[in-house]
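As a plain string of letters, each chain reads:
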Amino acid sequence: MKYFAIDEDEHFLALTFSAPGTANAFSVDAAREIIKILKKYKTWTKPVVVKSGHPSVFCSGGNLNDYRRMKTKAEGLKTNREITKSLNEFAKWRPAKLAIVTGDCLGGGMEWLARFDFRWATPGAMFSFWQRRIGLSTGWGGGEWWARALGESRVRQLLLEAEWMTAQTAKSWGLVDRVLPLWKVDTALRSWSQNMDHPVVSELTPWQPNQEAKVFNRLWLGPYHASVLKSWRR
């Protein structure tokens, strides 16, 4: 696997996400790799833990360099639909899914985060729905997933403000379940995974999201978003 290192522990499956040179941006190729993992582990019932291989970023959102090279709006929207579909398939995966956020989680990273059942963060992690700052709304279905969990008005406020949040602030909003120091993560993970390694857990079918695309499709390659992509360099 190119983006995900896989480790089968006695009590859980660990996926380490790494996209070198892109601040851990999530691409359509990473989305396709997720689908391959789901097919390979379709009968897996033990918990799944996702963490980052980047020292300071969990996921910075979509790969803007990829988008900048796309020639048409239709190409970009098709890519986003494919990513949305893969994240929804990930959400429907039966094992209990835990994200351990030890760095920045931004934009599309927040939309991926919405598909997890449990979300932990270390104190130095930062969060932001920064889509508005690049001329977009949520485009991978994350807005609807968060609205189901937090309520529409709270999510609308987060999207409009597009502010940076500390791990503790994210916890106060309900975006994160636990904030714990890095040195405690392994011990907490061991206890959690043993508790989740139970036959009944995999029988609890996740909810199904509705489609969320009209606003995003209208904004994609709009004047502001197009100007951001045109000037994007990393």
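Located above this text is the structure these notes cover.
In what follows, the accompanying structure is described. (Residues numbered from 1 in each chain as written. Predicted model: local features only at pLDDT ≥ 70, side-chain atom pairs only at ≥ 80, totals over all residues. Heavy atoms only, no water.)

**Section: the environment of Lys184**
Here comes step 1: Summarising the element assignment, Lys184 is placed in helix 8 (residues 182–196).
Here comes step 2: For the pair Lys184 and Ser227, spaced 43 residues apart in sequence, the C-alpha separation works out to 43 Å. (Helix = DSSP H or I, 4+ residues; strand = E, 2+ residues; numbered from the N terminus.)

**A few points about the packing of helix 1 (residues 28–40) against helix 3 (residues 73–92)**
Here comes step 1: At a minimum axis distance of 9 Å, the contact between helix 1 and helix 3 shows a crossing angle of 30°. When the interaxial angle is binned, helix 1 and helix 3 end up roughly parallel. You can see that helix 1 and helix 3 cross each other, and the crossing is left-handed. In this structure, helix 1 uses Val28, Ala31, Arg32, Ile34, Ile35 and Leu38 to contact helix 3, whose residues at the interface are Thr79, Glu82, Ile83, Ser86, Leu87, Glu89 and Phe90.
Here comes step 2: Tallied by class, the residues present in the contact of helix 1 with helix 3 amount to eight nonpolar, two polar and three charged. (Axes fitted to C-alpha atoms, helices over the stretch in contact; angles between N-to-C directions. Parallel < 35°, antiparallel > 145°, perpendicular 65-115°, else oblique. Left-handed = near helix turned anticlockwise from the far one by under 90°. Contact = heavy atoms within 4.5 Å. Nonpolar A, V, L, I, M, F, W, Y, C, P; charged D, E, K, R; others polar.)

**Thoughts on the sheet that holds strand 8 (residues 126–128)**
Here comes step 1: Strands sit in the order 4-6-8-9 across an open sheet of four strands; the sheet is mixed. Each of the sheet's edge strands pairs with one partner strand only, and the pair in question is strand 4 (57–59) and strand 9 (165–166).
Here comes step 2: Note: strand 8 against strand 9, two bridges, orientation antiparallel. Looking at the pairing, Phe127 lines up with Met165 of strand 9. (Pairing = 2+ DSSP bridges.)

**Focus: helix 3**
Here comes step 1: The end-to-end C-alpha separation of helix 3 is 29 Å, in line with the 28 Å expected for 20 residues at 1.5 Å each.
Here comes step 2: When we look at burial in helix 3, the residues that qualify are Gly76, Leu77, Thr79, Asn80, Ile83, Thr84, Ser86, Leu87, Asn88, Phe90 and Ala91. (Expected span 1.5 Å × (residues − 1). Buried < 20%, exposed > 50% of the residue type's maximum accessible area, 1.4 Å probe, protein only.)

**A look at the pattern of salt bridges**
Here comes step 1: Evaluation of the coordinates by the stated rule reveals six salt bridges.
Here comes step 2: For Asp9, the salt bridge goes to Arg190, with nearest N and O atoms at 2.9 Å. One end of the pair, Asp9, is in the loop between strand 1 (4–8) and strand 2 (13–17); the other, Arg190, is in helix 8, with 181 residues separating them in the sequence.
Here comes step 3: A relative accessible area of 35% means that Arg190 is categorised as partly exposed.
Here comes step 4: The residue Asp66 makes a salt bridge to Arg69 at a minimum N-O spacing of 2.8 Å. Taken together, the positions of Asp66 and Arg69, both in helix 2 (residues 64–69) and three residues apart, correspond to about one turn of that helix. (Salt bridge = Lys/Arg side-chain N within 4 Å of Asp/Glu carboxyl O.)

Distances and angles like these do not, on their own, reveal function.
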